[in-house]
Amino acid sequence: MVVSLSGCRAEENLPETDTAEETADPSWRFKDRFAAKQACLNALDLLHHIKSYDSDAMEEYRAYQAEIREMLYDDNTPQAQYEALYPQILERASNLSLQRGDTARVYISSVSSKIGHSYSPCIMGFVPAEGEEGEEMTFRGCEIRVRGNSTAGGPKFPYSFKLPYNESLYGMDAGKRWCLLANMGDYSLIRGRIGFTLAEALGCPYTPQGTFVEVYLNGTYLGNYELVEAISDAENRVDVDTDANEMILEADSNRDDGSYYIRTEKLGVRFKVDRPEKISSTQKRYLHTFIEEMEEALKEDSDRYRDYIDVDSFVNVYLTLEYTKNLDSNAFSTRYFIKDDKLYAGPVWDFDLSSGNVCPHVDEEGYRIYLNIKGRGDDSGDSSRGLWNRENWFKALFEHEDFAEAVAKRYREMRPLLENVYADNELGTSLIGRLQEQFGASFRRNYEVWDIYQRYIPYQMDPGMSYDEHVQFLYDWFRDRLAYLDTIYME
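Let me sum up the structure you'll find in this document. Keep in mind the model is a prediction, meaning the values are calculated, not measured.

If you check helix 1 (residues 33-44), its first and last C-alpha atoms are 17 Å apart, about what twelve residues at 1.5 Å a residue would give, namely 16 Å. Burial in helix 1 covers these residues: Ala-35, Ala-36, Lys-37, Ala-39, Cys-40, Leu-41, Ala-43 and Leu-44. Those residues of helix 1 that are buried lie in contact with helix 2 (55-72) and helix 3 (79-94). Of the residues flanking the start of helix 1, the one acting as N-cap is Asp-32, its side-chain oxygen 3.2 Å from the backbone nitrogen of Phe-34.

This next bit is on the packing of helix 1 against helix 2. A packed helix pair is summarised by two numbers, namely the angle formed by the two axes and the spacing between the axes. At a minimum axis distance of 10 Å, the contact between helix 1 and helix 2 shows a crossing angle of 170°. The angle between helix 1 and helix 2 falls in the class roughly antiparallel. On helix 2, the residues touching Lys-37, Cys-40, Leu-41, Ala-43 and Leu-44 of helix 1 are Tyr-61, Tyr-64, Gln-65, Ile-68, Arg-69 and Leu-72. Within the contact of helix 1 with helix 2, the residues separate by chemical class into eight nonpolar, one polar and two charged.

Turning to the pattern of salt bridges, a few remarks are in order. Tallied over the full model, the rule gives 33 salt bridges. With its nearest N and O atoms 2.6 Å apart, the salt bridge here joins Asp-257 to Lys-272. Highlighted residues: Asp-257 in the loop between strand 9 (247-252) and strand 10 (260-263) and Lys-272 in strand 11 (residues 270-275), separated in sequence by 15 residues. Looking at Asp-257, the relative accessible area reads 48%, which means it is partly exposed. A salt bridge links Lys-266 to Glu-296; its shortest N-O distance comes to 3.6 Å. Of this pair, Lys-266 sits in the loop between strand 10 and strand 11 while Glu-296 sits in helix 5 (residues 281-299), and the two are 30 residues apart along the sequence. Judged by its relative accessible area of 26%, Lys-266 is partly exposed. Classification of Glu-296 as partly exposed rests on a relative accessible area of 35%.

Here we take up the packing of aromatic side chains. The geometry of an aromatic ring pair is captured by the separation of the ring centres together with the interplanar angle, meaning the angle of the planes. Tallied over the entire structure, the rule returns 32 aromatic pairs. Between Tyr-61 and Tyr-64, the ring centres sit 5.8 Å apart and the planes meet at 40°, which makes this aromatic pair tilted. Residue Tyr-61 and its partner Tyr-64 are located together in helix 2, separated by three residues, close to a single helical turn. By relative accessible area, which is 1% here, Tyr-61 ends up buried. We classify Tyr-64 as buried; its relative accessible area is 11%. Arranged with centres 5.1 Å apart and planes meeting at 65°, the rings of Phe-212 and Phe-439 form a pair that is edge-to-face. Note that Phe-212 is positioned in strand 7 (residues 210-217) and Phe-439 in helix 10 (residues 431-449), a separation of 227 residues in sequence. Assigned by exposure class, Phe-212 and Phe-439 land together as buried. A connected cluster of aromatic rings, assembled from ring pairs, spans Phe-271, Phe-314, Tyr-318, Tyr-336, Trp-393, Phe-394, Phe-398 and Phe-403. Directly above the aromatic system of Trp-178 lies the positively charged group of Arg-237, at a separation of 4.7 Å from the ring centroid.

Here helix 9 (residues 401-419) crosses helix 11 (residues 467-489) at 155°, and the two axes come no closer than 11 Å. Between helix 9 and helix 11, the interaxial angle falls into the category roughly antiparallel. Regarding helix 9 and helix 11, the two cross each other, and that crossing is left-handed. Here helix 9 contributes Val-407, Ala-408, Tyr-411, Arg-412, Arg-415, Leu-418 and Glu-419 to the contact with helix 11, which in turn contributes Leu-482, Leu-485, Asp-486 and Tyr-489. In terms of residue class, the contact of helix 9 with helix 11 is made up of seven nonpolar, no polar and four charged.

If you look at the biggest cluster of nonpolar residues, it comprises 124 residues, and the most contacted ones within it are Ile-108, Phe-161, Leu-169, Leu-287 and Leu-343. The element contributing the most residues to this core is helix 11, with nine residues. Setting aside anything within four residues of it in sequence, one finds Ile-108 in contact with Ile-115, Cys-122, Ile-123, Met-124, Ile-144, Leu-180, Val-215, Tyr-216, Leu-217 and Asn-218. Membership of the second largest hydrophobic core comes to 27 residues, among which are Tyr-86, Ile-123, Val-127 and Tyr-216.

For the rest of this paragraph, the subject is the environment of Trp-178. With respect to the helices, strands and loops of the structure, Trp-178 is situated in strand 6 (residues 175-181). Among the residues examined, Trp-178 registers a relative accessible area of 1% and is labelled buried. Sequence separation of Trp-178 and Lys-162 is 16 residues, and the distance between their C-alpha atoms is 6.3 Å. A distance of 2.9 Å separates the side chain of Trp-178 from the backbone oxygen of Gly-175, its partner in a polar contact.

Cut-offs applied
- Residues numbered from 1 in each chain as written.
- Predicted model: local features only at pLDDT ≥ 70, side-chain atom pairs only at ≥ 80, totals over all residues.
- Heavy atoms only, no water.
- Helix = DSSP H or I, 4+ residues; strand = E, 2+ residues; numbered from the N terminus.
- Expected span 1.5 Å × (residues − 1).
- Buried < 20%, exposed > 50% of the residue type's maximum accessible area, 1.4 Å probe, protein only.
- Contact = heavy atoms within 4.5 Å.
- Polar contact = N/O pair within 3.5 Å; in protein donor to acceptor, adjacent residues only side chain to side chain.
- Axes fitted to C-alpha atoms, helices over the stretch in contact; angles between N-to-C directions.
- Parallel < 35°, antiparallel > 145°, perpendicular 65-115°, else oblique.
- Nonpolar A, V, L, I, M, F, W, Y, C, P; charged D, E, K, R; others polar.
- Salt bridge = Lys/Arg side-chain N within 4 Å of Asp/Glu carboxyl O.
- Phe/Tyr/Trp six-rings, centres within 6.5 Å; stacked < 30°, edge-to-face > 60°.
- Lys NZ or Arg CZ within 6 Å of the ring centre and 35° of its normal.
- Left-handed = near helix turned anticlockwise from the far one by under 90°.
- Core = buried A, V, L, I, M, F, W, Y, C linked by side-chain atoms within 4.5 Å.

This is the structure in structure tokens:
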């Protein structure tokens, strides 16, 4: 078990150290006997709620705590003995294992049982599933907050958190910023993982890595979450130099969160600058000039647009968003980045409202078109039909025959991968099947504490089906979606 002591400086009695490596040095030096004694007492305290630990190990540790406290309260104990004892206590506490289950677990210890929208300090533990390789890790000095827009209004909160330094979790690339997605807008809980897995296999740039975990806050089970890398410009995330003319952009049709927003003159695309958080006047001039020239090239009857756009990334992101029929694509959560004077599509994000998970009662035209209801679309009432992701820059791209041909060629090439989302084929067991086999028990435990027959956000499909029925819906929807797209790209 690895215990990071980063962020512990707030505890005044700890010795002066600069790094996690230095805290492993057994030669402790405290300013006086009282400070040494107090540090030992603090080290005896549990980092997580008592229910988070293995019960047998916890019983042994409680006996150890009582023995050490009795020694510490002896006024004749010299400072040197306290200093020798301190690292022993740390080692004993670090070897106290957290409980494991059939799914990886995240333990959050917070002073408050309710985490707010501003970052607050916490301790976090990460435990692999039973039988899985990997170290159990606990970090002090973490920060956590509620994240999201519509999803943050539900009772099962999604979270963003920061580790004290870059670290790999469950084999993913190291980083400081991570997300715990609640997926409450998706009764199946797996639409996001399907979207990310598909995007990664298609080669969409910088697709966030992730896995499912079960989350406990101060000993209370919160349910199944998707632990995902946060999208940022950090190392092992989106490799852009935001000190130069490189940046991450996000489509945003009507919100305003204080970021720098642009609505382009030629095509009317509205987006914001995600990174850098503060854009310089020089970067603004570059961005406006680049977008203006790029859109001018898009409107021309030539292939000059390829000088500004990375075609492969747009083809792969298009197929990901079109196959999943992501409701929010081109309106929200659709990201791009500029690197080396080219515009790339990606990373993908947010698949809650996709693959048919759309409410028929929302009084907006887009929802009726998506669902093909009330005379919209083909009036079939079948959401698996119809092309959806041909707006904004994608609409302009499809006016170029070579781009449309590139999409069709990629579709035919990757059709077995698309089919494998819902069907067993030469690639193996279907993705939906694999997710159910590995995490199905955890998904069902989630609905032992959350009601699957309740609507959690106003935009999701009507409640009323069991969990197994929602999974079957996905199997059927992707089968029908591929059959529809075959009529576009295979004939």
